[in-house]
Amino acid sequence: MKPIPHAALFDSRHRLLPTLCAAIGLALIAPGAIAQVDAPAAEALMKENKCTKCHNPEKKKKGPSLKTIAEKYKGDAGAEGKLLKHITTGPKVKIDGEEEEHEAIDTKDPKQLKNLIGWILSH
Ligand code: HEC
């Protein structure tokens, strides 16, 4: 009979436990963020619409970073509505000092729009 590989068993448990704890911890800290926002879908939508040409999650490009936008609207209960208007109506904005129409998003799917706005505000 082969000896039971105790060492291996012990090892895998040790790796599993911290991972589990981290996952549970995250879920407790940010239940809303994890349950509601589909980040990859939002990111893909931004890429498809060339929003990423001017917006980066962290860095300022021609447009403010998503972090800056999220900070601006922190605690603003009307944030979702304002951003929805901004990305669907093509308002005039200053881009490199020139007044231009802001890019409007090419989807009218409320689920996609809500997800995108939720993702932007989660930064
Ligand atoms: C040509 C550059 C450019 C592109 C492309 C662009 N944006 Fe912007 N965006 C800007 C600039 C500049 C501002 C800042 C406007 C201001 O504060 O007046 C801005 C602001 C925003 C804001 C914040 C509005 C607010 O009320 O503070 C959001 C949200 C946003 N853009 C989303 C998007 C999305 C989604 C797309 C793709 C459909 C996109 N942007 C494409 C340049 C761009």
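Values in this document were obtained by computation on a predicted structure and should not be read as measured data.

Cut-offs and rules
Residues numbered from 1 in each chain as written. Predicted model: local features only at pLDDT ≥ 70, side-chain atom pairs only at ≥ 80, totals over all residues. Helix = DSSP H or I, 4+ residues; strand = E, 2+ residues; numbered from the N terminus. Buried ≥ 20, exposed ≤ 12 C-beta atoms within 10 Å, placed from the backbone. pLDDT = per-residue confidence, 0-100. Pairing = 2+ DSSP bridges. Near = placed C-beta within 6 Å. Nonpolar A, V, L, I, M, F, W, Y, C, P; charged D, E, K, R; others polar. Axes fitted to C-alpha atoms, helices over the stretch in contact; angles between N-to-C directions. Parallel < 35°, antiparallel > 145°, perpendicular 65-115°, else oblique. Left-handed = near helix turned anticlockwise from the far one by under 90°. Contact = placed C-beta atoms within 7 Å. Core = buried A, V, L, I, M, F, W, Y, C linked by C-beta atoms within 7 Å.

1. Brief notes about the environment of P57
Note on placement: P57 falls in the loop between α3 (39-48) and α4 (66-72). What makes P57 partly exposed here is the crowd of 15 C-beta atoms within 10 Å.

2. So, the confidence of the model for the chain
Looking at the chain, the pLDDT average stands at 85 and 72% of residues meet or exceed 70. Element-level mean pLDDT values for the chain span from 53 in helix α2 (residues 31-36) up to 98 in α4.

3. Side note on the pairing of strand β2 (residues 98-101)
With four bridges connecting them, strand β1 (residues 92-95) and β2 associate as antiparallel partners. Counted as the bridge partner of I95 is E98 from β2. Adjacent in sequence and paired antiparallel, β1 and β2 are bridged by two residues, among which D96 carries a positive phi angle near 55 degrees.

4. Looking at the site of the ligand
Near the ligand lie 23 residues; those nearest to it are C51, C54, G63, V93 and E103. Those elements that provide at least two residues to the shell around the ligand are α4, α5 (79-89) and β1. Per-class residue counts for the shell around the ligand are eleven nonpolar, five polar and seven charged.

5. Examining the packing of α5 against helix α6 (residues 110-121)
Following both chains from N to C, one finds α5 and α6 inclined at 115 degrees, their axes separated by 10 Å at the closest point. Here α5 is positioned roughly perpendicular relative to α6, judged by the angle of their axes. Crossing geometry of α5 relative to α6 is assigned as right-handed. Across the interface between the two elements, A79, E80, L83 and L84 of α5 pack against L113, I117, I120 and L121 of α6. By residue class, the composition of the contact of α5 with α6 is seven nonpolar, no polar and one charged.

6. Brief notes about the nonpolar core
Within the largest apolar cluster, eleven residues are counted, these being V37, A42, L45, M46, C51, L66, L116, I117, W119, I120 and L121. Among the secondary structure elements, those contributing two or more residues to this core are α3 and α6. A total of five residues in this core trace back to one element, the largest contributor, which is α6. Those residues within four positions of V37 in sequence are excluded, and the remaining contacts are A42, N115, G118, W119 and S122.

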